[in-house]
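# Reading the structure
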Amino acid sequence: QKEVEQDPGPLSVPEGAIVSLNCTYSNSAFQYFMWYRQYSRKGPELLMYTYSSGNKEDGRFTAQVDKSSKYISLFIRDSQPSDSATYLCAPLSGGYNKLIFGAGTRLAVHP
Amino acid sequence: DSGVTQTPKHLITATGQRVTLRCSPRSGDLSVYWYQQSLDQGLQFLIQYYNGEERAKGNILERFSAQQFPDLHSELNLSSLELGDSALYFCASSVGENTGELFFGEGSRLTVL
């Protein structure tokens, strides 16, 4: 079983839609949950992160973690064509460890 | 622009050859990470250095090696190249050694023919 599972998509939505991107993980030691965004032909960039369970909002983006079910979500409200990218979840344990990335979900927002 | 510089951007070589990929981290960052990204494997962690010392190792093949120099730049050496080594190789850097906030370069695309 992979440490992080993420549906690779692709996911295609119309502009203005609410997008839900999800990951599951297996290691209960994970405490930080990062979301990276990767545009085509670019390196990933950190979008936002949460610590432990709960929600965190940043503009149109909301990250949610449910540690009891080991489920991570990223919601995008009022999606824009500029949101078209691959979104990678990446959990991290609190102790010294490497960042593990999910496979990434490719999102296309069409006008 | 993340501030992380990788060279070369593109590299085409033949099986059995050896190549060196170079990374300059952001100014002030002490940690350097190498990741391999291929279509079927996603973004795979290879190795991490912190201030010149190896800190963590992922699924890095024995044919691959890396180092971080005193000026903090890093090189990833890939030898006895195989077709399956064709991928995007990303370097990332961070201030600390145990953080999820990594700054990625734009990658070096390696094609092995």
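Heads up: the structure comes first, above all this text.
Heads up: these notes are all about the structure in this document. These numbers come from a predicted model, not from an experiment.

### Side note on the sheet that holds strand β2 (residues 11–14) of chain A
Residues and elements named next belong to chain A.
- On the basis of which strands lie adjacent, the open sheet formed by five strands has the order β2-β10-β9-β4-β5 and mixed pairing. Across the chains shown, the open sheet's two edge strands, defined by having one partner strand only, are β2 and β5 (45–51). Strand-to-strand twist in this sheet, taken as the mean axis angle between neighbours without regard to direction, amounts to 25°.
- Bridge analysis of strand β4 (residues 30–38) against β5 gives six bridges, and the strand direction is antiparallel. Its bridge partner being in β5, arginine 37 is matched across the sheet by glutamate 45.

### Structural notes on the state of the cysteines
- Scanning the entire structure with this criterion turns up two disulfides over all chains.
- Paired by a disulfide, cysteine 23 of chain A and cysteine 89 of chain A hold their sulfur atoms 1.9 Å apart. Looking along the S-S bond of the cysteine 23 of chain A-cysteine 89 of chain A disulfide, the torsion reads about -105°, which is the left-handed sense. Here cysteine 89 of chain A lies in strand β9 (residues 85–93) and cysteine 23 of chain A lies in strand β3 (residues 19–25), a separation of 66 residues in the sequence. Of the two residues, cysteine 23 of chain A and cysteine 89 of chain A, both sit in the buried class.
- Two residues, cysteine 23 of chain B and cysteine 91 of chain B, share a disulfide whose sulfurs are 1.8 Å apart. Every disulfide takes its handedness from the sign of the S-S torsion; for cysteine 23 of chain B and cysteine 91 of chain B that torsion is -55°, giving left-handed. You can see cysteine 23 of chain B sitting in strand β3 (residues 19–24) and its partner cysteine 91 of chain B sitting in strand β9 (residues 87–94), a full 68 residues away along the chain. Like cysteine 91 of chain B, cysteine 23 of chain B is buried.

### Some remarks on the nonpolar core
- Trp35, Leu74 and Tyr87 of chain A are the most contacted members of the largest nonpolar core, which totals 24 residues.
- Elements with a minimum of two residues in this core: β3, β4, β5, β7 (61–66), β8 (71–76), β9 and β10 (105–110) of chain A.
- In this structure leucine 74 of chain A touches Val19, Ser20, Leu21, Trp35, Leu47, Met48, Phe61, Thr62, Ala63 and Tyr87 of chain A, once residues within four positions along its chain are discounted.
- Leu21, Tyr49, Ala66 and Tyr89 of chain B belong to the second-largest nonpolar core, a separate cluster that totals 20 residues.

### Observations regarding the packing of aromatic side chains
Residue and element names in this part refer to chain A.
- Evaluation of the coordinates by the stated rule reveals eleven aromatic pairs over all chains.
- For the ring pair tyrosine 32 and tyrosine 51, a centre distance of 4.8 Å and an interplane angle of 45° mean the geometry is tilted. Taken together, the positions of tyrosine 32 in strand β4 and tyrosine 51 in strand β5 put the pair 19 residues apart, joining distant regions of the chain.
- Here tyrosine 32 falls in the partly exposed class, since its relative accessible area comes to 30%.
- Owing to a relative accessible area of 49%, tyrosine 51 belongs among the partly exposed residues under this scheme.

### Let's talk about the interface of chain B and chain A
- If you look at the interface, chain B gives 19 residues, while chain A gives 16 residues.
- Among the residues chain B hides against chain A, the three largest losses belong to Leu43, Asn98 and Gly100 of chain B. Together they make up 32% of the total.
- Scanning the region where chain B abuts chain A turns up one salt bridge.
- Taking the shortest distance from any N to any O, the salt bridge between glutamate 106 of chain B and lysine 42 of chain A comes out at 3.1 Å.
- Of all the secondary structure elements, the ones that give two or more residues to the side of chain B that touches chain A are β4 (31–38), β5 (42–50) and β6 (53–57) of chain B.

What counts, and at which threshold
- Residues numbered from 1 in each chain as written.
- Chains lettered and ligands numbered in written order.
- Predicted model: local features only at pLDDT ≥ 70, side-chain atom pairs only at ≥ 80, totals over all residues.
- Heavy atoms only, no water.
- Pairing = 2+ DSSP bridges.
- Helix = DSSP H or I, 4+ residues; strand = E, 2+ residues; numbered from the N terminus.
- Axes fitted to C-alpha atoms, helices over the stretch in contact; angles between N-to-C directions.
- Disulfide = S-S within 2.5 Å.
- Buried < 20%, exposed > 50% of the residue type's maximum accessible area, 1.4 Å probe, protein only.
- Core = buried A, V, L, I, M, F, W, Y, C linked by side-chain atoms within 4.5 Å.
- Contact = heavy atoms within 4.5 Å.
- Phe/Tyr/Trp six-rings, centres within 6.5 Å; stacked < 30°, edge-to-face > 60°.
- Buried area = accessible area lost by both parts, 1.4 Å probe.
- Salt bridge = Lys/Arg side-chain N within 4 Å of Asp/Glu carboxyl O.

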